Amino acid sequence: MQINLLGPFEARRDDASTAPCGGIKQRGVLAQLALEPNHPVALDRIAEGIWGTSVPPRYRQNVQTYVSTLRRALEPLRSASAPSRIVGHDEAYELVAGPDEVDVAAFRAGVEAGARALADGRPLAARTDLDQALDRWRGPALADLVALPFASDWLEYLQARQLAARELSIDARLALGEHLAVIEDLQVLVRDHPERERFWTQLVLAQVRGGRQVEGLATLRRARDLLVEEHGLDLGAELSELEQKILNQEPALLGTRTEVALGGSLPVALTPMLGRDELLALVVSALDEGQRLVTLTGPGGVGKTRLALAVAATTSARRETVWVPLADEQTSTDIAQAVADRLGHPVDGSGETLTDELVLVLDNLEHLADAPRAVRGLLERHRGVRVLATSRGPLGIPGEQVVRLPPLPVDDASRLFCDRARSILPSFEDDPEVVAELTQRLDGLPLAIELAAARINVLDPAELLRRLPAVGDLRDPSASSVRQSSVDEAVRWSVRLLDASALTTLHALAALDAAVDSATAGAAAAALDGHAHRVDDLEQLVRLGLVVPLEAASGRRFALLATVRAVVREDAAAGPAVARAVGAAWMRRDQDRDLVGDWSRQHLSRLSDDLPLLRQVTQAQIEAGEVAQAAELVLSQRRGLHQIGRDDDLRQLCATILAADPPEPWSARLEVMIDCATFSTYGADAGALLDSVERLDPSDSLFRVLGYAYRAALRSERGNASLARADAEAATEAAGTHRTLLQMAHSAASWVATERGDADDAVLHATQGLAAAGNALERTTAVTDLARAELMRGRVERAEELLVGALQDARRLGQYKALSDIQTNLGYALIRRGAAEDGLAMLADVLPAVARMSDLGWTLEVVTAIALAALTTVPDEPRAVDLLRAATTMTRAIDADGSPVPGPLLGLSEPWQAVLDDPGLAVPAPTALSLEESALELAASLRREAETEDYPDAG
């Protein structure tokens, strides 16, 4: 559960779905309980917070009604015997919530933790706690509840706490040395809150410590004028004392320290560092707070050395800092000796112990075989020394803090390119879209971006973009190190450190166009050398920055940066054999999955993540003449692709394979599947290829069931009731006794019966389908069929009960077709029951998920249902009429005789039959996206308008 009040009211259930909490008074009850979680709130206080001085005589019954409705909204699956989140006491109610389940409570706890950390001298921890607390704010607190009496006192309190948290956060940033970085924020704060002297003090401190003493004194004068003359306040002691310290140039105020030049001067950066301010503050703070080993990691060219240089420049103003460059050292270099050479005395324990104030910066350790042991030895022998290391991967030493540098975000990357380009060509004018795409294609790597910008005298960004992915001509002949002289040398530097097995895995991954899981990576590598490959290979590639680990919906995946892939392919192109081997491995894994019906959430999310690679694999199989294998692979994924809403991709893949002239039975199967997918995407051309079902052998049960089932649905929608019924019976006959196939066939038969108006037959087939269902996916499909049939019979409460009961199974599958289908029909049921506002909210919640599926007809139905629900709530609402007209126009453009009204809501559409019969010409012509946006805007607008009304008392 999550209750958010620091912004517009928001309530989510345990499964993260939105809880429809009704009108403003009902939400106000929950808000009052959430503001004091785990404490009873007196019923009288709740009533006064809702009605103020006009509490109605039956307020107890009203509040009880609100609480009962809120319990159902927050916990729809709670059994009658289970305890509720909202506990009733004598004349009081209490919301039971965890520490992070109410944003106000989490905000207060975060501020308290930040204040403690700041008082304990831990500014980094303080900043983290305070920033996380402030991030809880999504806008003005209680934004849509301000009309209720309870809100005013809480607003004043929460706003004061927010400002206090801002003050503490800035104190933490000042303690971290971010003086210049906070000036802009503070200028806004003193403008918006000129009466708060603490903000003025912080601004003056930031300016002075940032080297802007004149500005600091001017700010002091402005503060005095505003506080004294405009607000009638005396200048506080803190500001007065601060002014005197500035005039006296007190060193403690200015933060000056004596810089120690030990072991030679630090290297001087030739260009400013962009986009790494937060990481700089993080690393400096970690070292200041006593972290003994910080390792900067990331791929070659991401800017590890540049950040280390910035850290060293900062820490050298605080304590002794020694730079030890190791990039050009041999693999067998003795690190302790290299450090000793820089210091001028031994560090192996035979000489003096290094000072506690010393920071050693060891730059480029990844190629040194003895690096982990040597660094650990330094830390153990010299207990006060702190080490900042750079390496393409972690050292694996206990206590190590690893800071991985990500590629630059697109805005920072574009700014870096333009800054460097203008330093070479002052007249350079950028094309933001081209520059953004160029820097993204260069993986946001500062080295690659700077080398590309260096060619701006010869090649403009568009020409540079056309030359990618080739990166071999991005070079800097003046670079101090060979590995930094070009992008390809930066990559090859790491490649040369790989063992033979990891190198093979790298070559295999470079042949694939998308991120893969570890099993697919192993299958790809085995295609090149015939050996089994271990996870150790991936660990080595990640450690050297050649492969990037990603968290995807299906779990951990591994990807190559585009620049790495380009260099590796240039050196050793593995060819399409790798993709074909992946296809064979997938086929062994997923063979007969459609007949077994084993489509879990894990399988569905993996298929979604693998879809880009599936296209590459299929193309490689076709080019190798393995057309039947390509057909078998794609068709084995047909049910999963349908569930994740990618019928359009399924249709395109099948059409591509069919064009390669596959043998029978694959040709007939592909034709059947193309029209199945076309029907699912609301294609008017569906039908002709479904007749290919007649070419299939009687033993081809799966595709015969699919062909007959979809043809039955298509014929039913086109009014051919007798032919549709015959096809539904043929599907049932083809299924035999196979449970998964029987469920499919009965689902089609139930649909056909619903379309022809035979509710009893629809219920019969849906019930038989439910009896045959063997897993969560099949059960949710069957329950949806049964609920739809019950709605047709007018048994709305029974339909709603079925759909709510199936939600748990559907949620296990994720936000894919099964869950969206149940939520859609539940919305219809709520509207039919008379709860139009709740139904509209449910449909608005599910519409974005439906729109992501490649099923235009479904999207049009949900949009139309939202329009009808709005018209039920607000008769003659013009925006709803326009939406209904636009949805009908788009439907007719696809199917001249089609209607976007969902079957369960046909009765509600009768008053608007004239619009449905003749929608007129919509200007501009509607699109799926414009309809989705209009429907969501209408739903949100109606909710806002309803909340401003004076709701009648419940009960």
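Predicted, not measured: the structure shown is a model, and the values here were computed from it. (Residues numbered from 1 in each chain as written. Predicted model: local features only at pLDDT ≥ 70, side-chain atom pairs only at ≥ 80, totals over all residues. Heavy atoms only, no water.)

So, the state of the cysteines
Item 1. Counted by the stated rule, this structure contains 0 disulfides.
Item 2. For the unlinked cysteine Cys654, the closest cysteine sulfur is that of Cys676, found at 9.3 Å. (Disulfide = S-S within 2.5 Å.)

Examining the environment of Gly211
Item 1. As for its position among the elements, Gly211 is in the loop between α8 (197–209) and α9 (213–230).
Item 2. By relative accessible area, Gly211 is classed as exposed at 53%.
Item 3. Here the alpha-carbon distance between Gly211 and His179, two residues 32 residues apart in the chain, equals 9.2 Å. (Helix = DSSP H or I, 4+ residues; strand = E, 2+ residues; numbered from the N terminus. Buried < 20%, exposed > 50% of the residue type's maximum accessible area, 1.4 Å probe, protein only.)

Examining the environment of Leu723
Item 1. By the secondary structure assignment, Leu723 is in helix α33 (residues 721–735).
Item 2. As for Leu723 and Ser608, which are separated by 115 residues in sequence, their C-alpha atoms are 36 Å apart.

Here's the deal with the packing of aromatic side chains
Item 1. In this structure the tally under the stated criterion is 5 aromatic pairs.
Item 2. Where Phe107 meets Trp137, the ring centres are 5.6 Å apart and the plane angle is 80°; that geometry is what we call edge-to-face. Note that Phe107 is positioned in helix α4 (residues 103–119) and Trp137 in the loop between α5 (123–134) and α6 (151–175), a separation of 30 residues in sequence.
Item 3. Sitting over the face of the ring of Trp666, Arg669 holds its NZ or CZ atom 4.5 Å from the ring centroid. (Phe/Tyr/Trp six-rings, centres within 6.5 Å; stacked < 30°, edge-to-face > 60°. Lys NZ or Arg CZ within 6 Å of the ring centre and 35° of its normal.)

Looking at unusual backbone geometry
Item 1. Here the bond from Glu664 into Pro665 is cis, since omega is 5°, no more than 30 degrees from zero.
Item 2. With respect to the secondary-structure elements, Pro665 resides in the loop between α30 (647–658) and α31 (666–680).
Item 3. You will see that Asn38, though not glycine, has its phi angle at about 65°, which is positive.
Item 4. For Asn38, a relative accessible area of 35% corresponds to the partly exposed category.

Details of the sheet that holds strand β10 (residues 401–404)
Item 1. With parallel pairing, 5 strands are arranged side by side in an open sheet as β7-β8-β9-β6-β10. Two strands lie at the open edges of the sheet, namely β7 (321–325) and β10, each paired on one side alone. Across the sheet, the axes of successive neighbouring strands diverge by a mean angle of 15°, strand direction being ignored.
Item 2. Across 4 bridges, strand β6 (residues 293–297) lies against β10 in parallel orientation. The residue of β10 that forms the bridge with Leu296 is Val403. (Pairing = 2+ DSSP bridges. Axes fitted to C-alpha atoms, helices over the stretch in contact; angles between N-to-C directions.)

Section: the pattern of salt bridges
Item 1. Within this structure, the stated rule accounts for 51 salt bridges.
Item 2. Close ionic contact of Glu10 with Arg12 constitutes a salt bridge, the shortest N to O distance being 3.7 Å.
Item 3. Residue Glu10 is classed as partly exposed on the basis of its relative accessible area of 24%.
Item 4. What makes Arg12 partly exposed here is its relative accessible area of 29%.
Item 5. The closest approach of N and O atoms between Asp144 and Arg27, which form a salt bridge, is 3.5 Å. On the criterion of sequence distance, the pair formed by Asp144 in the loop between α5 and α6 and Arg27 in helix α1 (residues 24–35) is long-range, its members being 117 residues apart. (Salt bridge = Lys/Arg side-chain N within 4 Å of Asp/Glu carboxyl O.)

Re helix α15 (residues 371–381)
Item 1. All buried positions along α15 are accounted for by Ala371, Ala374, Val375, Gly377, Leu378 and Leu379.
Item 2. In this structure, the buried side of α15 is in contact with β6, α14 (335–343), β8 (359–363) and β9 (386–390). (Contact = heavy atoms within 4.5 Å.)

Observations concerning the nonpolar core
Item 1. Formed by 134 residues in total, the largest nonpolar core has its most connected members in Leu296, Leu388, Phe417 and Leu546.
Item 2. Residues within four places of Leu296 in sequence aside, it is in contact with Val283, Lys304, Leu307, Ala308, Leu388, Ala389, Thr390, Ser391, Val403 and Leu405.
Item 3. With 59 residues, the next largest nonpolar core counts Val850, Trp858, Ala880 and Leu938 among its residues. (Core = buried A, V, L, I, M, F, W, Y, C linked by side-chain atoms within 4.5 Å.)

So, a negative patch on the surface
Item 1. Together, Glu717, Glu755, Asp895 and Asp897 make up a negatively charged patch on the protein surface.
Item 2. Inspection of the secondary structure puts Glu755 in helix α34 (residues 739–755). (Patch = residues over 30% accessible without salt bridge, like charges linked within 9 Å, V, L, I, M, F, W, Y side chains within 5 Å. Areas by Shrake-Rupley, 256 points an atom, 1.4 Å probe, with all protein chains shown as cover. Lys, Arg positive; Asp, Glu negative; His and termini not counted. Charge placed at Lys NZ, Arg CZ, Asp CG, Glu CD.)

Quick notes on the confidence of the model for the protein chain
Item 1. Across the protein chain, the average pLDDT comes to 85, with 91% of residues at 70 or higher.
Item 2. For residues 255–264, every residue scores under 50 in pLDDT, and the model assigns this stretch 12 contacts once sequence neighbours within four places are set aside.
Item 3. In the model, residues 950–955 has pLDDT below 50 throughout and makes 13 contacts with residues more than four positions away in sequence or in other chains. (pLDDT = per-residue confidence, 0-100.)

Points about the packing of α5 against α6
Item 1. Interhelical geometry of α5 versus α6 gives an angle of 150° and a closest axis separation of 9 Å. Of the possible angle classes, the one that applies to α5 and α6 is roughly antiparallel. As α5 runs across α6, the sense of the crossing is left-handed. Touching Pro123, Ala126, Arg127, Leu130, Asp131 and Leu134 of α5 are Gln162, Ala165, Arg166, Leu168, Ser169, Ala172, Arg173 and Ala175, all from α6.
Item 2. Per-class residue counts for the contact of α5 with α6 are 8 nonpolar, 2 polar and 4 charged. (Parallel < 35°, antiparallel > 145°, perpendicular 65-115°, else oblique. Left-handed = near helix turned anticlockwise from the far one by under 90°. Nonpolar A, V, L, I, M, F, W, Y, C, P; charged D, E, K, R; others polar.)

Thoughts on α5
Item 1. In this model, α5 (12 residues) spans 16 Å end to end at C-alpha, consistent with the 16 Å of a helix rising 1.5 Å per residue.
Item 2. Within α5, burial applies to Pro123, Leu124, Ala126, Arg127, Leu130, Ala133 and Leu134.
Item 3. The inward-facing, buried residues of α5 abut α4, α6 and α12 (277–288). (Expected span 1.5 Å × (residues − 1).)

A word on the pairing of strand β5 (residues 92–95)
Item 1. Of the two faces of β5, both are covered, the one formed by Ala92 and Glu94 as well as the one formed by Tyr93 and Leu95.
Item 2. In this structure, strand β3 (residues 41–42) lies alongside β5, joined through 2 bridges in antiparallel fashion. Among the inter-strand pairings, Ala42 is bridged to a residue of β5, identified as Ala92.
Item 3. Pairing between strand β4 (residues 86–89) and β5: 4 bridges, direction antiparallel. Bridge pairing in β5 links His89 to Ala92.

Here's the deal with the side chain of Lys304
Item 1. As for its placement among the helices and strands, Lys304 is situated in helix α13 (residues 304–315).
Item 2. Here the side chain of Lys304 touches Gly298 through a polar contact of 3.1 Å, landing on its backbone oxygen.
Item 3. Those residues in contact with Lys304 that sit more than four places away from it in its chain are Leu296, Thr297, Gly298, Pro299, Thr390, Ser391, Arg392 and Leu405. (Polar contact = N/O pair within 3.5 Å; in protein donor to acceptor, adjacent residues only side chain to side chain.)

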